[in-house]
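Structural features, examined
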Amino acid sequence: MKDYEIVIVGGGPAGLAAALSAKEAGCDSVVILERDSVLGGILNQCIHNGFGLHTFKEELTGPEYAARYIDRVLEAGIDYKTDTMVMDIAPDKTVTAMNRTDGMFTIHAKAVVLAMGCRERPRGALNIPGYRPAGIYSAGTAQRLVNIEGFMPGREVVILGSGDIGLIMARRMTFEGAHVQCVAELMPYSGGLKRNIVQCLNDYDIPLLLSHTVVDIDGKDRVRGVTIAEVDEKNKPIPGTEVCYPCDTLLLSTGLIPENELSREAGVEMHPVTGGPTVNESFETSLEGVFACGNVLHVHDLVDYVSEEAVRAGAHAAAYCLGNVRASRKEDTITVRATGGARYTVPSTVQCDRLGDLLTIRFRVGAVYKDAYVSVYLGDERVTHLKKRVIAPGEMEQVILKKEQLTAHEGLKEITVTIENE
Amino acid sequence: MYDIVVIGAGVSGCAIARELSRYDASVLVVDREEDVCCGTSKANSAIVHAGFDAAEGSLMAQMNVRGNRMMDDLARDLDIPFKRNGAFVVCIDETQRDGLNALLARGEKNGVEGLRIVEKEELHRMEPNLSDDAVCALYAPSSGIICPFRLTIAMAECAAQNGVEFRFNTRVDALLRNAEGNWHLTTSTGPIVTRYVINAAGVYSADFHNRVSTKQLHIVPRRGDYCLLDREAGTHVSHTIFPQPTAMGKGILVTPTIHGNLMVGPTAIDIDNLEATATTAEGIDTLIAGASAYVKDLPIRKVITSFAGLRAHEDGHEFVLGEPEDAPHFIDCAGIESPGLTSAPAIGEYIGNLMKEKMSLREKSGWNGIRKDVLKPVGIDIEKRNALIKENPAYGTIICRCETISEGEIIDAIRRPLGARSLDGIKRRTRAGMGRCQAGFCSPRVMEILHRELDLPMDEITKSGRQSVMVFGQTKAGGGVIR
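About the cut-offs
Residues numbered from 1 in each chain as written. Chains lettered and ligands numbered in written order. Predicted model: local features only at pLDDT ≥ 70, side-chain atom pairs only at ≥ 80, totals over all residues. Heavy atoms only, no water. Contact = heavy atoms within 4.5 Å. Buried area = accessible area lost by both parts, 1.4 Å probe. Salt bridge = Lys/Arg side-chain N within 4 Å of Asp/Glu carboxyl O. Polar contact = N/O pair within 3.5 Å; in protein donor to acceptor, adjacent residues only side chain to side chain. Helix = DSSP H or I, 4+ residues; strand = E, 2+ residues; numbered from the N terminus. Nonpolar A, V, L, I, M, F, W, Y, C, P; charged D, E, K, R; others polar. Buried < 20%, exposed > 50% of the residue type's maximum accessible area, 1.4 Å probe, protein only. Pairing = 2+ DSSP bridges. Right-handed = clockwise from strand over helix to strand, strands pointing away. Core = buried A, V, L, I, M, F, W, Y, C linked by side-chain atoms within 4.5 Å.

**Quick word on the interface of chain A and chain B**
Taken together, the 45 residues of chain A in the interface contact 55 residues of chain B. Note on chain A versus chain B: buried area summed over both sides is about 4,200 Å², and carbon and sulfur give 55% of it. Counting the surface chain A buries against chain B, the share from its top three residues, A:R100, A:R132 and A:F151, is 17%. Here chain A and chain B share seven salt bridges between them. One can count 25 residue pairs in polar contact (both at pLDDT 80 or more) joining chain A with chain B. Per-element tally for the side of chain A that touches chain B: the top contributor is helix α5 (residues 139–149) of chain A, with five residues. A class-by-class count of the residues in the side of chain A that touches chain B yields 18 nonpolar, 10 polar and 17 charged.

**Topic: the pairing of strand β5 (residues 87–91) of chain B**
Residues and elements named next belong to chain B. For β5, the buried fraction is high: five of the five residues fall into the buried class. Burial along β5 is two-sided: the residues A87, V89 and C91 and F88 and V90 are all buried. Across five bridges, the pairing between β5 and strand β7 (residues 136–140) is antiparallel. When the sheet's bridge partners are listed, A87 is paired in β7 with A140. Relative to strand β14 (residues 240–242), β5 is paired through three bridges, and the arrangement is parallel. Bridge assignment links A87 to a residue of β14, and that residue is T240.

**Topic: the pairing of strand β1 (residues 6–9) of chain A**
All names here are of chain A. On β1, burial covers both faces: I6 and I8 on one face and V7 and V9 on the other are all buried. As defined by bridge partners, β1 adjoins strand β9 (residues 111–114) across four bridges and the pair is classed as parallel. For V7, the partnering residue across the bridge sits in β9 and is V112. Relative to strand β2 (residues 30–33), β1 runs parallel, the two sharing four bridges. Note on β2: the bridge partner recorded for I8 is I32. Between β1 and its parallel partner β2, the chain crosses via helix α1 (residues 13–24), and the hand of that crossover is right-handed.

**Some points on the nonpolar core**
Counting residues in each nonpolar core, the largest one holds 77 residues, and the members touching the most others are B:L151, B:F166 and B:M355. Ranked by residue count, the leading element in this core is helix α2 (residues 59–78) of chain B, at 10 residues. In this view, B:L151 contacts B:V11, B:M71, B:L74, B:L78, B:I80, B:I146 and B:L341; residues no more than four positions away in its chain are not counted. Counting residues in each nonpolar core, the second largest holds 66 residues, with A:L33, A:I78, A:L287 and A:V296 among its members.

**Here we look at the sheet that holds strand β26 (residues 381–391) of chain A**
All names here are of chain A. The sheet built from five strands is open, its strands ordered β23-β21-β28-β25-β26 with mixed pairing. On the outer flanks of this sheet lie β23 (349–350) and β26, each paired with one strand and no other. By the bridge criterion, five bridges tie strand β21 (residues 334–339) to strand β28 (residues 414–420) in an arrangement that is parallel. Residue T339 lies in a different strand from β28, and its bridge partner there is T418.

And the structure:
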């Protein structure tokens, strides 16, 4: 097998943008390895619109958004292999992959970009009691069955979890003639975007039951019904509030998990909150020359941010291969810390002289805040104090700092992102 | 007419079938489910018990110790993984020491080899994640772990390759002995006539027994809830960790599985419904609390699935093997609860010998006790693997990413004798769908392969037979191909 300087693991939105950017930054030896039969990743099954408002200033469907990048990848003559599963990434950046035609092969890469995306949390991980019949699908699996395969996974549907895919599938199943009885959400707030609640539930009179969960599943063969109960402030079901919903299908949209088995086996250090690698300002993981972007890094709400991050990860991977990067110096490292409601930040560390003009810090909060402030401290000095009407866990937040702000602060060791009431 | 009909294709029924396949006899195994291993055999602790727990002199003790000893050869012949990882029965309190000594003495009388009491320091060295309260333990090095699906499927396949017939989706509704002394079975797929009936019907074994014998049996379904944890947690303990046994059973154990997961369970809850395999929140809470008393820092957040099984608990807590006095040509294999999985090979041998004697069976020539498992490409060297892919490209396509299962393995599981016909059938033969995403990724792909290989319409593909269909037809426009 031909060797490449950069191996991009995953041909979804992150991998495509990273490949393009790496090529544009001067690295001609790039290959994308994709396990599905076509490029585009999960966007291919997201046939609803609403993609690309930031990037293209227009509303595209998922496949259309993907196609814009796929076309450019093809034009740029970037190599890719579909139907190819990456089996192993060694710490020395030897990538082992497999497909039907090449068999098992290795590529000795200089840099690797992790762009494997994420997977859905299954029923088992939620410990929902009851039977284990057919008809319990994660929302994304149901989305694939409906939009790619063309089959109806059910007719009478209850959805647990108000993640975006669950909300989108509530509408999609309704379009296809199924009856969606309700969406139950354990938390007192939705896990999805506000616009999806309005456009996918409210417009079709599908009730959203906040602070509710499924406490029992009935049916030996196929789902016959689910029991939903209200939960208290500790998320424990309240006895006496159980209501049984006869149905044949339960869809789950209860969280996404960055898919980092390969990263972990390679020895990449993981962030305890995101489930993705910890990265520096260059989207480089704890393994030099291994970069990460997209949902494998942290779960995004909008694909535009995925693409934007991937552009930077790809460019940094190219710079690394071309030898344009100063080696990391531990003493220059600034830690980025999330506190007071902010759950994590990407990146986790910054080295100023490896930074462009701007530093974008992305984060999510752990609860809903109203009329609160996003604050950033450089050491003890507050440099950002931005009032927001609503800050919610379902939406990713960002703050942008200028490089001068950081360099002006001599001996800066820590940047803190926090939510303040005043 | 058959010489012998075995009711129930669980681990006991399949072990019996494999033993009977040695002889010149026509044998049929019937099961109401679509596959082997769909009842008690599929949901248990998957332990090959040492045999210190069963009452001295009991049939249960005899079968347990014999079954344990047979397992190495059997696993080798059937090409299935088996590991003697050893077990500890742990005391977290000095007052439990007498009980431990009693267990040691009973084990030695039962013929269990290698038993000894391990004191605190050595114990914590051997098993660092035991609770700090653990003061000593009974160590049973012959205790092991196995895959109950693989064992059952392998014995069934071996029986089938030696001429035993299997009929699935066949519920036995009535059985009557006619004037010539033959049994007439009324089933959901038509009548069956046989000289002998073997009752290996699990939780329903008392029901069948009581229809033909006045000496009534009473079996209570005793539910056990389990949690299965991600392979990331699979090395949390390396031995099987038991509390001291009680009247309700061996207690809540923590064990690595043969496939590298960690398993916690079971609870022991007597119920009155023979079908009630639903887990409950209380059950799961009970087993987490129970396990946490013996093992520290239990990574319970790594749960990937929970399930429940029913043990066929007979009132006397003893295996019922043989012909009731008042029911000639009806052979019980009833009350098979833990250590039933361990005992299965010995039960098979016992019933096989019994039938040989009763029917004067002759061993047939050319019996083949060797069976090859689904070919697993993982672990073979890269050149051999590439040769395999070149010969059959299906081995180059990964269908289940969590467990790294290729299309070639899935096709093998479908095409072999008694091949898989459902998603669960594939899962139990190959592990596709058994991993951390619990089939979220692979189920549409496996459905497609089942559709293609078996020429099954998409809306007839099931999770586990009967009415467990996966999809209800096409979408409105441009739908998928059902047929």
